[in-house]
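The lines below spell out each chain.
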Amino acid sequence: MSDLSKFTPRVFSGIKPSGGLTLGNYLGAIKRFVDWQEAGSHETIYCVVDMHAITVWQDPAELHAATREVAAGFLASGIDPTKSILFNQSQVSAHTELAWIFNCVARVGWMNRMTQFKDKAGTNAEKASLGLYAYPALMAADILIYHATHVPVGEDQKQHVELTRDIAQKFNHDYKVDFFPETAPVIEGPATRVMNLRDGTKKMSKSGESDMERINMTDDAATIAKKFKKAKTDPEPLPETLEGLAGRPEAKNLVDIYAGLSGQTDEQVIAEYAGAGWGRFKPALADLAVEKMAPISEEMSRLMADPAEIDRILAHGAEQAREIAEPILSEAFRIVGLVGR
Ligand code: ATP
Ligand code: MG
């Protein structure tokens, strides 16, 4: 077991530019990235993981725009390039170079257990890209190329961060070194799994089919209100206690979202709205979402009007990222016996 304390305390996490950002990405990831940055206890590195996006076909012009939009979402939410390193993955080639080594460390059997591949490949897995299948090895490289010790993610990424730890362990074992940290997933807060607004059994995703199932970070006030109004619920009012949310996925989801946005626990939200009907709770939720998200979405539009500035920030972040990644990659090559780096 490698000792995390011998590594620089460092946070890494990423978001794919596979579409526009959602409230799930905000509450489950970005908002928490900002908290880590502000805590100041760890170096913080955040990445727009464009190489992951192309595991599913992307229109090139849309991918380019989405990369800038995700960067704008980070910045507008409070990621400060003077405090955190912010860049896009394809500018730092060490990620894919280390990923190749990890493709050779990870076992096919491990990949076969990844539930995200099963979900994304659907019923016709034979037609999925090889990249989609190998994606978790690239994700392990994204994290370990910085010797990151902590990875804040939503609940859906837990399995991939655990695989990252398995890869680090097997690498260390196979080469008799103590080189890669056994990174810990950090899954915290009331909104680590925001659900689809039309189906409380499915995760809210930026690549989901219908726009009505998600709140986009760029939605205007009227759209947010409409989407919450139409969100699926059951006929019961909100319960008097937390236990009363059991078996009510849609109700629990809306309470989680309210808690995530207001910085409260589910318990506090229930205490305030015990017995309230949807006619009262949904408009309160919509108002809260607009209050919290409108300033971010306005700032995103302002930033996106100046793409050259976003590109400049990403290029600068990539330079900083390379400074950390390159020596780690060179050492990994040396350990493996690859000549010339
Ligand atoms: P895609 O549908 O293309 O996979 P996504 O919305 O799942 O997009 P990702 O880029 O895969 O977004 O994930 C970025 C981060 O956001 C990860 O840390 C992930 O766990 C988190 N995240 C994604 N969806 C949710 C959600 N519904 N609730 C909480 N966190 C989420
Ligand atoms: Mg995802």
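Up top is the structure these notes are about.
Here's what I pulled together on the structure shown here. None of the values given here were measured: they were computed from a predicted structure.

Within the protein one finds 13 helices and seven strands. Relative to the compact-globule value of 20 Å for 341 residues, the protein shows a C-alpha radius of gyration of 21 Å, a close match. Projected onto its principal axes, the C-alpha positions of the protein cover 65 × 45 × 45 Å. If you take every contact in the protein between residues at least 6 apart in sequence, the share linking residues at least 24 apart comes to 77%. With an accessible surface of roughly 15300 Å², the protein has 52% of that area assigned to carbon and sulfur atoms. Of the charged side chains in the protein, 37 are positive and 47 negative; the average position of the first set lies 4 Å away from that of the second.

Another point: the pattern of salt bridges. Enumeration according to the criterion identifies 20 salt bridges in this entry. Notably, a salt bridge pairs Lys170 with Asp174, separated by 3.0 Å at the nearest N-O pair. In this pair, Lys170 and Asp174 both sit in helix H8 (residues 158-174), four residues apart, roughly one turn of the helix. Residue Lys232 pairs with Glu250 through a salt bridge whose shortest N-O separation is 3.3 Å. Note that Lys232 is positioned in the loop between helix H9 (221-230) and helix H10 (249-262) and Glu250 in helix H10, a separation of 18 residues in sequence. Glu250 gets classed as buried once you look at its relative accessible area, which sits at 11%. One continuous salt-bridge network, built from bridges that share partners, spans Asp211, Arg214, Asp219 and Lys227.

Glancing now at the pairing of strand S2 (residues 43-48). Regular strands show a simple pattern: their side chains alternate between the two faces of the sheet. Where burial is concerned, most of S2 is hidden: five out of the six residues are buried. In this sheet, S2 lies alongside strand S1 (residues 10-15) in parallel orientation, the contact comprising six bridges. When the sheet's bridge partners are listed, Val11 is paired in S2 with Thr44. In this fold, S1 hands off to helix H1 (residues 23-39), which returns the chain to S2; that crossover is right-handed. The pairing of S2 with strand S3 (residues 85-88) spans four bridges and is parallel. Bridging from a neighbouring strand, Tyr46 pairs with Leu86 of S3.

The environment of ligand 1 is formed by 22 residues, the closest being Ser18, Lys120, Asp156, Lys203 and Ser207. Taking Lys206, its side chain carries an N or O atom lying 2.7 Å from an oxygen atom of ligand 1. Across the complex, the protein chains shield 97% of the 600 Å² of accessible surface that ligand 1 would expose by itself. The pocket occupied by ligand 1, as judged from atoms lying within 2 Å of grid points, is the largest pocket. Broken down by secondary-structure element, the contributors of at least two residues to the shell around ligand 1 are S1 and H1. The element contributing the most residues to the shell around ligand 1 is H1, with four residues. Per-class residue counts for the shell around ligand 1 are six nonpolar, ten polar and six charged.

Cut-offs and rules
- Residues numbered from 1 in each chain as written.
- Chains lettered and ligands numbered in written order.
- Predicted model: local features only at pLDDT ≥ 70, side-chain atom pairs only at ≥ 80, totals over all residues.
- Heavy atoms only, no water.
- Helix = DSSP H or I, 4+ residues; strand = E, 2+ residues; numbered from the N terminus.
- Rg over C-alpha atoms; globule rule 2.2 N^0.38 Å.
- Contact = heavy atoms within 4.5 Å.
- Areas by Shrake-Rupley, 256 points an atom, 1.4 Å probe, with all protein chains shown as cover.
- Lys, Arg positive; Asp, Glu negative; His and termini not counted.
- Charge placed at Lys NZ, Arg CZ, Asp CG, Glu CD.
- Salt bridge = Lys/Arg side-chain N within 4 Å of Asp/Glu carboxyl O.
- Buried < 20%, exposed > 50% of the residue type's maximum accessible area, 1.4 Å probe, protein only.
- Pairing = 2+ DSSP bridges.
- Right-handed = clockwise from strand over helix to strand, strands pointing away.
- Near = heavy atom within 4 Å.
- Polar contact = N/O pair within 3.5 Å; in protein donor to acceptor, adjacent residues only side chain to side chain.
- 1 Å grid on protein atoms, 1.4 Å probe; cavity = no way out; pocket = protein on both sides within 12 Å on 5 of 7 lines; lining within 4 Å.
- Sits in = over half its atoms within 2 Å of the grid points.
- Nonpolar A, V, L, I, M, F, W, Y, C, P; charged D, E, K, R; others polar.

Honestly, it's all geometry; don't read function into it.
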